[in-house]
Amino acid sequence: MSTFDGLLKESQAKGAGFLSLLDPDRLDKEDLVGTALMCQEQGADAILFGGSFLLCTDFDRLVREVKHAVEIPVVIFPGPDTNQISAAADAILFLSMISGRNPDLLIGQQVKAAPILKAYGLEAISTGYILVDSGRQTTAEYISNTKPVPRNKPDIAMAHALAAEYLGMQCVYLDAGSGAEQMVPVDMIAAVADYVSIPIIAGGGIRSPQDARDRVEAGASFVVVGTMLEAHKDASVVGEFADAIHHSV
Ligand code: 1GP
């Protein structure tokens, strides 16, 4: 079974899947493995690894260390270029930044990355990435040189998500960006979930278990939490996120 199919199965069984995002720039190298293990113990369904912009230069080694330590899948969350690829991961979110009109992030970097993924045997999870305005500029917005979808325009998000589905993408990621001031609105997630049949990943600025649960109830199949895990490094908080996201258990 592919990593994505395995995650979908977990999501369907539990109500939704919990993806814990670890950014190697924001955690001490020593803390990375410990945090990954803690996320696994507290119920995360996968480790997402990476970020929109990284200073770290030992990405591959860090992925290997995390992968060696955990049993849950390690899925790369790539930045705007091909630096964040490691053969040690289980899969990579093969993102096309469909909310933007920057050809390099729609197809250019994907053309550079595809042969590398094939050579590594790395599973590519085709993902339509939709950046949603979060009230202030995020790293993803700045680095991608794109405009996010206005937060009060669910119809624009719906049309982008449907285009992703018709282009054959496996899922759509509605992201307000890491550390976002305001999350992707629940009504936007609900509108997209009603409109398309591919799974929705929701993330960016989720600060409480209730925020996460609200997004599951709106129709997200996966919820991404990053900054709050790193801020707390507290197992009980991570467990509360897992319980809120796994709402059917
Ligand atoms: C960012 O959705 C992720 O791409 C996670 O965001 O770090 O704000 O949880 P946070």
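Reading the values: rules and limits
- Residues numbered from 1 in each chain as written.
- Predicted model: local features only at pLDDT ≥ 70, side-chain atom pairs only at ≥ 80, totals over all residues.
- Heavy atoms only, no water.
- Core = buried A, V, L, I, M, F, W, Y, C linked by side-chain atoms within 4.5 Å.
- Buried < 20%, exposed > 50% of the residue type's maximum accessible area, 1.4 Å probe, protein only.
- Contact = heavy atoms within 4.5 Å.
- Phe/Tyr/Trp six-rings, centres within 6.5 Å; stacked < 30°, edge-to-face > 60°.
- Helix = DSSP H or I, 4+ residues; strand = E, 2+ residues; numbered from the N terminus.
- Axes fitted to C-alpha atoms, helices over the stretch in contact; angles between N-to-C directions.
- Parallel < 35°, antiparallel > 145°, perpendicular 65-115°, else oblique.
- Left-handed = near helix turned anticlockwise from the far one by under 90°.
- Pairing = 2+ DSSP bridges.
- Lys, Arg positive; Asp, Glu negative; His and termini not counted.
- Salt bridge = Lys/Arg side-chain N within 4 Å of Asp/Glu carboxyl O.

Chemist: With reference to specific residues and values, describe the nonpolar core.
Modeler: Counting 66 residues, the largest nonpolar core has F18, I47, F49, L174 and F241 as the members making the most contacts within it. Here I47 is in contact with S20, L22, A36, C39, V66, V70, I72, P73, V74 and V75, once residues within four sequence places are set aside.

Chemist: Describe the packing of aromatic side chains, with residues and values.
Modeler: The geometry of two aromatic rings is summed up by the distance between their centres and the angle between their planes. Taken as a whole and judged by the stated rule, the model has four aromatic pairs. Between the aromatic rings of F49 and F59, the centroid separation amounts to 5.4 Å while the plane-to-plane angle is 55°, which identifies the pairing as tilted. Placement of the pair is F49 in strand β2 (residues 46-50) and F59 in helix α3 (residues 59-69), with a sequence separation of ten residues. For the pair F49 and F59, a shared accessibility class is recorded, and that class is buried. On the basis of an interplanar angle of 45° and a centroid distance of 5.7 Å, the ring pair of F77 and Y173 is categorised as tilted.

Chemist: How would you summarise the side chain of S52 if you had to cite specific residues and measurements?
Modeler: Residue position: S52 is located in the loop between β2 and α3. S52 sits in the buried class, given a relative accessible area of 18%. Once you skip the residues sitting within four places of it in the chain, S52 turns out to touch F77, G79, P80, T139, A140 and I143.

Chemist: Please give an account of the packing of helix α7 (residues 186-195) against helix α8 (residues 209-218) that cites residues and values.
Modeler: Viewed as axis vectors pointing N to C, α7 and α8 meet at an angle of 25°, and their least axial separation amounts to 8 Å. Put simply, α7 runs roughly parallel to α8. Between α7 and α8 lies a crossing of right-handed hand. Of α8, the residues touching α7 (which contributes V186, I189, A190 and A193) are D214, R215 and A218.

Chemist: Give me the lowdown on the sheet that holds strand β3 (residues 74-77), citing residues and values where you can.
Modeler: Ordered in space as β1-β2-β3-β4-β5-β6-β7-β8, the eight strands form a closed barrel in which the pairing is parallel. Each adjacent strand pair in this sheet contributes to an overall mean axis angle of 30°, direction not counted. As judged from the two bridges shared by β3 and strand β4 (residues 91-96), these two strands associate in the parallel manner. Paired with V75 across the bridge in β4 is A91. Here helix α2 (residues 29-41) sits on the sheet in contact with β1 (17-22) and β2, set at roughly 170° to β1. Relative to the sheet, helix α4 (residues 103-120) contacts β4 and β5 (123-131), its axis offset from that of β4 by approximately 155°.

Chemist: Residue-level account of the side chain of D211, with values.
Modeler: Inspection of the secondary structure assignment puts D211 in helix α8. No salt bridge is formed by the buried D211, whose closest oppositely charged neighbour, R215, lies at an N-O distance of 4.8 Å. Excluding its chain neighbours within four sequence positions, the residues that come into contact with D211 are M183 and I206.

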